[in-house]
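Examining the three-dimensional arrangement
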Amino acid sequence: AMAEALHDNTTLTTLDLGSSEIGDDGAKAIAEALRDNTTLTTLYLGGNDIGDGGAKAIAEALRVNTTLTTLNLWSNKIGNKGAKAIAEALRGNTTLIELNLSNNEIGDDG
């Protein structure tokens, strides 16, 4: 429901879903909505058990989203694969200026 609303949103600029237990499925739904959303600038998804699958979906959204400036993915379960996907997406993203990936499961390879 939240992802659907975000998809059609034309006014909301900040969304805080911290500690909402959305997991990978919720992250994928939010990521799909981010592809088309043109107003959201700040997204907090900390403490949601998001793993590599959700991180990869968010990464794909970051490739095309042109409005998000702050993304907080603190305290999830993102590992090396998810971190690498996000890093790759950031190469072409020119709007994101703040990214928090602290307290995840990212190792030296991520």
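Residues numbered from 1 in each chain as written. Predicted model: local features only at pLDDT ≥ 70, side-chain atom pairs only at ≥ 80, totals over all residues. Heavy atoms only, no water.

1. Some thoughts on the packing of helix α3 (residues 52–64) against helix α4 (residues 80–90)
Contact geometry for α3 and α4: axes closest at 8 Å, N-to-C directions at 0 degrees. Viewed along their axes, α3 and α4 adopt a mutual orientation that is roughly parallel. Packed against α3, whose contacting residues are D52, A55, K56, A59, L62 and R63, the element α4 presents N80, K81, G82, A85, I86, E88, A89 and L90 at the interface. Looking at the contact of α3 with α4 residue by residue, the classes come out as seven nonpolar, two polar and five charged. (Axes fitted to C-alpha atoms, helices over the stretch in contact; angles between N-to-C directions. Helix = DSSP H or I, 4+ residues; strand = E, 2+ residues; numbered from the N terminus. Parallel < 35°, antiparallel > 145°, perpendicular 65-115°, else oblique. Contact = heavy atoms within 4.5 Å. Nonpolar A, V, L, I, M, F, W, Y, C, P; charged D, E, K, R; others polar.)

2. Regarding the nonpolar core
In terms of nonpolar packing, the biggest core is built from 27 residues, with L43, I58, L62, L68, L71 and L73 touching the most fellow members. With six residues, the single largest contributor to this core is α3. With residues up to four places along the chain from it excluded, the contact list for L43 reads L15, I30, L34, L68, T70, L71 and N72. (Core = buried A, V, L, I, M, F, W, Y, C linked by side-chain atoms within 4.5 Å. Buried < 20%, exposed > 50% of the residue type's maximum accessible area, 1.4 Å probe, protein only.)

3. Thoughts on the pattern of salt bridges
Tallying each qualifying case throughout the model produces four salt bridges. D49 is paired through a salt bridge with K77; the nearest N and O atoms lie 3.7 Å apart. Of this pair, D49 sits in the loop between β2 (42–44) and α3 while K77 is found in the loop between β3 (70–72) and α4, placing the two residues 28 residues apart along the sequence. When its relative accessible area of 44% is taken as the criterion, D49 is described as partly exposed. Linking E60 and R63 is a salt bridge whose minimum nitrogen-to-oxygen distance equals 3.2 Å. Placement of both E60 and R63 in helix α3 is noted, with a separation of three residues, approximately one turn of the helix. By relative accessible area, which is 35% here, E60 ends up partly exposed. (Salt bridge = Lys/Arg side-chain N within 4 Å of Asp/Glu carboxyl O.)

4. Topic: the sheet that holds strand β4 (residues 98–100)
Across the sheet, which stays open at both edges, the four strands sit in the order β1-β2-β3-β4 with parallel pairing between neighbours. Sheet topology places β1 (14–16) and β4 at the edges, where each strand pairs with a single neighbour. Across this sheet, the average inter-strand angle for adjacent strands is 0 degrees, counted without regard to direction. Inspection of the sheet shows β1 paired to β2 by three bridges, in the parallel sense. Pairing of L15 across the sheet is with L43, part of β2. (Pairing = 2+ DSSP bridges.)

5. Notes on the environment of T41
Position of T41 relative to the elements: it lies in the loop between α2 (23–36) and β2. Residue classification places T41 among the partly exposed positions, given a relative accessible area of 27%. Excluding anything up to four places from it in sequence, T41 contacts T13, T67, L68, T69 and T70.

By themselves, these are just geometric observations and shouldn't be taken as functional.
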